[in-house]
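Breakdown of the fold
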Amino acid sequence: MSNYSSKRSTSSRIIRTIKRPIKRAASAISRRSDSFKKAYRASIRLKRRLRYRWFAGQEIDKKLIIFESFMGRKYADSPKAIYEYMLKDPAYRDYHFVWFFKDRIMDEYLYLEEDERTELMLWGSPDYYRTYARAGYWITNSRVPKQIGIKDGQTYVQCWHGTPLKRLGFDIEVAASEARNTVQTVREVYENDASRYTYMVSPSRYCTEKFISAFNLKALGKEDIVIEEGYPRNDEIVNHTEADVKRIRESLGIPEEKKVILYAPTWRDNQHEQYIGYVYESPIDFAEMKKRFGDDYVVLFRAHYFIGNTFDFEEYNGFVIDACLYPEINDLYIISDILITDYSSVFFDYGILKRPEIFYMYDLEYYRDELRGFYISLDELPGPVIENQEALFDSIATVDEWFSTPEMKDKYEAFENKFTYLDDGHATERVVRRVFGAEYERLKDGE
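Values in this document were obtained by computation on a predicted structure and should not be read as measured data.

The rules behind the values
Residues numbered from 1 in each chain as written. Predicted model: local features only at pLDDT ≥ 70, side-chain atom pairs only at ≥ 80, totals over all residues. Heavy atoms only, no water. Helix = DSSP H or I, 4+ residues; strand = E, 2+ residues; numbered from the N terminus. Buried < 20%, exposed > 50% of the residue type's maximum accessible area, 1.4 Å probe, protein only. Areas by Shrake-Rupley, 256 points an atom, 1.4 Å probe, with all protein chains shown as cover. Salt bridge = Lys/Arg side-chain N within 4 Å of Asp/Glu carboxyl O. Pairing = 2+ DSSP bridges. Right-handed = clockwise from strand over helix to strand, strands pointing away. Core = buried A, V, L, I, M, F, W, Y, C linked by side-chain atoms within 4.5 Å. Contact = heavy atoms within 4.5 Å. pLDDT = per-residue confidence, 0-100. Phe/Tyr/Trp six-rings, centres within 6.5 Å; stacked < 30°, edge-to-face > 60°. Lys NZ or Arg CZ within 6 Å of the ring centre and 35° of its normal. Axes fitted to C-alpha atoms, helices over the stretch in contact; angles between N-to-C directions. Lys, Arg positive; Asp, Glu negative; His and termini not counted. Parallel < 35°, antiparallel > 145°, perpendicular 65-115°, else oblique. Left-handed = near helix turned anticlockwise from the far one by under 90°. Nonpolar A, V, L, I, M, F, W, Y, C, P; charged D, E, K, R; others polar.

Okay, the overall build of the chain next. Of the regular secondary structure elements, the chain holds 16 helices and 15 strands. Residues counted as buried form 53% of the 447 residues belonging to the chain. Total accessible area on the chain stands at roughly 20,900 Å², and carbon and sulfur atoms take up 48% of it.

Written out as structure tokens, the structure reads:
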């Protein structure tokens, strides 16, 4: 069996079997002992450093490409778009592709191995570090563990995962001393990752400016690494068909006569619980919402992937659909008639569809002034800013009226000109061309 067989390596399968009970036991002890928790985390960091060092001397394979999305949590976003583009292009028939997934979702994507060039591996396993040491290209939309060093001859393509409304990294400014310590830690994480970037993908001039600032690229001498060609992931939004809409609605069990509201709030820095992570409690009374809109709408609830708590919508069965674990958010965009969000970057991508958006910012003053702050004026948002539930429900009820006004049309035109003008359905090809450069042209010519 070759290193790039269609079957996962024996070592990965063994590691999966062993790690599960060990991780469960360690997690249980950590809930009872902070000292154990600190020691356990330190041991993980040490293990990662040693693992990578063990494999670091391996020869680089320029035709081996790593794909990773949200640190192994999903098969989605721009890495998915680039992978599927390269999979279909005969110019890359001699390349090998590796996807990393967390243990709990690995089995969901075994079908990817039906392509003989693709192999799935366990995120964080020995295979993970071995492959990072060998791969010619790393393509991800989130951070790579800092213990993994990049070597001459390797290319790290950071696709990122959104256009920022709220401030990121080096752009976060807070006054409290405790918060300053947290911000400093965040900045170190951003800078550590950015110091390894070869390219960073951007969907607009606006985004390029924010990435350069937030990731400290100018100080790192990397302000010229940005590929400003649009987000590959958004090609799917532009190119979707009515057949896609029908297929997705049926998979989610949405009745033909119902319209769809996508509710996609973000996480909050100040809502974190030990042993759980970031938590979220919806500020919407879904029982009341169902009374008012249940005859006409269903709600897709999509929390940020950072959110650690679970949600029980059983009492709203048939009205609220929990879409938190649905693999591809683009599918949720293209079947939705209205987006409700707060400070999440989802509204930039949804704006490509030119459909109504409502910004339910019930904690606006606190979030803006004490937690994060914003990059843009709220006047630029393509929809009303709402701060209480009654106004939210009124906005839903009158959506056809306010969305059809000349003022809203002008807002969408200005929004497109600033944020989504590169989303034309061909961003993936442009990004691949930029990353692979002369090699891309040579492969296209069949040399």
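This part covers the pattern of salt bridges. Counted under the stated rule, the structure contains 16 salt bridges. In this structure, the salt-bridge partner of D127 is R130, at a minimum N-O distance of 2.3 Å. Of this pair, D127 and R130 both sit in helix α4 (residues 126–134), separated by 3 residues, roughly a single helical turn. R130 sits in the partly exposed class, given a relative accessible area of 29%. It is possible to trace a salt-bridge network through shared partners that takes in E229, D424, R430 and R434.

It is worth spelling out the pairing of strand β6 (residues 199–202) at this point. Remark: a regular strand shows side chains that alternate across the two faces of the sheet. Judged from the 2 bridges that link them, strand β5 (residues 155–158) and β6 form a sheet pairing that is parallel. Opposite Q158, over in β6, you have M200 as the bridge partner. For the segment spanning β6, helix α6 (residues 205–214) and strand β7 (residues 226–228), crossover handedness is right-handed.

Counting residues in each nonpolar core, the largest one holds 100 residues, and the members touching the most others are F215 and L300. Sequence-distant contacts of F215, that is, excluding residues within four places in its chain, are made with W160, F170, Y190, A194, Y197, M200 and L220.

What follows concerns the confidence of the model for the chain. Across the chain, the average pLDDT comes to 86, with 82% of residues at 70 or higher. This model gives residues 1–8 a pLDDT under 50, and the stretch forms 24 contacts once residues within four places in sequence are excluded. pLDDT under 50 marks residues 269–273. Its contacts with residues more than four places away, or in other chains, come to 12 contacts.

Glancing now at the packing of aromatic side chains. Geometry of an aromatic ring pair is reported as the spacing of the ring centres plus the angle between the planes. In total, this model carries 48 aromatic pairs according to the counting rule given. For the pair Y92 and Y95, a centre-to-centre distance of 5.3 Å together with 75 degrees between the ring planes defines the contact as edge-to-face. Neither residue differs from the other here; Y92 and Y95 are each classed as buried. Plain terms: the ring middles of F347 and F359 are 5.0 Å apart, the flat faces sit at 85 degrees to each other, and that makes the pair edge-to-face. One end of the pair, F347, is in helix α11 (residues 346–350); the other, F359, is in strand β14 (residues 357–360), and 12 residues separate them in sequence. The exposure classification of F347 matches that of F359, with both residues buried. Taken together, the aromatic side chains of F100, W123, Y128, Y129, Y132, W138, Y156, W160, Y190, Y197, F211 and F215 make up a single cluster linked through ring pairs. Over the face of the ring belonging to Y137 we find K62, whose NZ or CZ atom lies 4.9 Å from the ring centre.

So, on to the sheet that holds β14. Read across the open sheet, the 6 strands follow the order β12-β11-β8-β13-β14-β15; overall the sheet is parallel. Two strands lie at the open edges of the sheet, namely β12 (320–322) and β15 (385–386), each paired on one side alone. Here strand β11 (residues 297–301) runs beside β12; their pairing, made up of 3 bridges, is parallel. Following the sheet pairing, F301 is matched in β12 by D322. Against the sheet, helix α13 (residues 389–397) makes contact with β8 (259–264), β11, β13 (338–341), β14 and β15, and its axis sits at roughly 175 degrees relative to β14, the strand it touches most.

Its location among the elements puts G72 in the loop between β1 (61–68) and α3 (77–88). The sequence separation of G72 and F100 amounts to 28 residues, and the corresponding C-alpha distance is 5.4 Å. If sequence neighbours within four positions are ignored, G72 has contacts with F100, F101, K102, I105 and W123.

Within the element layout of this structure, K210 appears in helix α6. No salt bridge is formed by the buried K210, whose closest oppositely charged neighbour, E209, lies at an N-O distance of 4.5 Å.

Our focus in this paragraph is the sheet that holds strand β3 (residues 118–122). Spatial ordering of the open sheet is given by β3-β2-β1-β4-β5-β6-β7, a layout of 7 strands whose pairing is parallel. A single partner strand is all that each edge strand has here, and the edge strands are β3 and β7. Each neighbouring strand pair of the sheet contributes to a mean axis angle of 25 degrees, computed without reference to strand direction. Where β1 meets strand β2 (residues 96–101), 4 bridges bridge the pair, whose relative direction is parallel. Considered in β2, the bridge of I66 is made with V98. Packing against the sheet, α4 makes contact with β1, β2, β3 and β4 (135–140), and its axis sits at approximately 135 degrees to β1. Contacts from α6 reach β6 and β7, with the element oriented near 140 degrees to β6.

Turning our eyes to something else, we now look at the packing of helix α9 (residues 286–293) against α13. Packed helices, taken two at a time, are described by the angle between their axes plus the distance between the axes. Close contact between α9 and α13 brings their axes to 11 Å; oriented N to C, the two are set at 25 degrees. Of the possible angle classes, the one that applies to α9 and α13 is roughly parallel. Our pair here, α9 against α13, has a crossing hand that is right-handed. Contacts from E288, M289, R292 and F293 of α9 reach α13 at Q389, E390, F393, D394, I396 and A397. Grouping the constituent residues of the contact of α9 with α13 by class yields 5 nonpolar, 1 polar and 4 charged.

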